[in-house]
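# Topology and contacts: notes
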Amino acid sequence: MGKRTIVYARVSTTRQADHDLSIPDQLAHAERYCREHDLTIVGTYVDAGASARNDNRPEFQRMTGDIKSGLVKAEVMLVHALSRYFRDSFGSAFYVREFAKYGVSVVSMTQETGEGAQGEFIRQMIASFDEYQSAETAKHVTRSMLENAKRGYWNGSTPPFGYKTITVERHGNKEKKKLAIEPKEAELVKLIFQLY
């Protein structure tokens, strides 16, 4: 039996989790990696729709608790890439050290970092780059969403009560939507205002 291994998989949004094969792909890759490197999977934790900018992730917290309580005993925590684990350099370094107290090393299937001081240095460099990349992506997404809203398009999520979304343009597979009044719900909204 090889080193006992915990697999942690994550995608950023529930939309990715619903429409993307990223989680199954991460898990399949982990199984192959473990077979090739003589690792034995003793636990799997999946956060579908959780940011890696902080540790406020249900499965990440459950995994951390399981490690600290001894409920799961492992030597390796396996992630597809370090960005799946953390996109904050402080959080990344903190939890690498925290898990090390319990004998668990964080290992990326796609980013070999080595061990010792060199490995720690490379992990910190990757974590810093992931944090920078995440901040840049957030900046561009925010700018795009503001521009989209200025043009009258709906950015997504559930429309407010009394409205529905309608597709007004198509760009390949992408739909541009705007809000329109939902007649049945609109009557209720009018009644609420009248009664108030």
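Residues numbered from 1 in each chain as written. Predicted model: local features only at pLDDT ≥ 70, side-chain atom pairs only at ≥ 80, totals over all residues. Heavy atoms only, no water.

## Details of the environment of Val72
Among the structural elements, Val72 can be located in the loop between helix H3 (58–69) and strand E3 (76–79). Sequence-wise, Val72 and Val42 are 30 residues apart; in three dimensions their C-alpha atoms are separated by 7.4 Å. The residues contacting Val72, other than those within four sequence positions of it, are Ile6, Val42, Tyr45, Asp66 and Ile67. (Helix = DSSP H or I, 4+ residues; strand = E, 2+ residues; numbered from the N terminus. Contact = heavy atoms within 4.5 Å.)

## Considering the pattern of salt bridges
With the rule as written, the count across this model stands at 9 salt bridges. Of the charged contacts in the structure, one is a salt bridge between Asp66 and Arg62, with a shortest N-O distance of 3.7 Å. Of the two residues, Asp66 and Arg62 both sit in helix H3, 4 residues apart, roughly one turn of that helix. The class of Arg62 is partly exposed, set by a relative accessible area of 39%. (Salt bridge = Lys/Arg side-chain N within 4 Å of Asp/Glu carboxyl O. Buried < 20%, exposed > 50% of the residue type's maximum accessible area, 1.4 Å probe, protein only.)

## Some details on the nonpolar core
Considering soluble globular proteins, one finds that nonpolar side chains tend to be buried as a cluster. Judged by nonpolar contacts, the single largest core of 18 residues is most densely connected at Phe60, Met63, Met77, Tyr85 and Phe99. Among the elements of the structure, strand E1 (3–11), H3, E3, helix H4 (82–85) and helix H5 (89–100) are those that each provide at least two residues to this core. Apart from residues no more than four positions distant in its own chain, Met63 is found in contact with Ile6, Tyr8, Tyr45, Met77 and Phe99. Residues Tyr33, Cys34, Leu39 and Leu78 belong to the second largest nonpolar core, which totals 8 residues. (Core = buried A, V, L, I, M, F, W, Y, C linked by side-chain atoms within 4.5 Å.)

## Examining the pairing of strand E6 (residues 174–181)
Here strand E5 (residues 163–171) runs beside E6; their pairing, made up of 8 bridges, is antiparallel. Within the sheet, the bridge partner assigned to Glu169 lies in E6 and is Lys176. (Pairing = 2+ DSSP bridges.)

## Details of a nonpolar patch on the surface
A cluster of nonpolar residues, Phe161, Leu188, Leu191 and Leu195, forms a patch on the protein surface that exposes about 420 Å² of accessible area. Secondary-structure assignment places Leu188 in helix H7 (residues 183–195). Its relative accessible area of 42% is what places Leu188 among the partly exposed residues. (Patch = residues over 30% accessible without salt bridge, like charges linked within 9 Å, V, L, I, M, F, W, Y side chains within 5 Å. Areas by Shrake-Rupley, 256 points an atom, 1.4 Å probe, with all protein chains shown as cover.)

## What about the side chain of Glu98?
Mapped onto the elements of the fold, Glu98 is located in helix H5. A polar contact is formed between the side chain of Glu98 and the side chain of Lys68, at a distance of 3.2 Å. Separated by 3.2 Å, the side chains of Glu98 and Lys101 make a polar contact. (Polar contact = N/O pair within 3.5 Å; in protein donor to acceptor, adjacent residues only side chain to side chain.)

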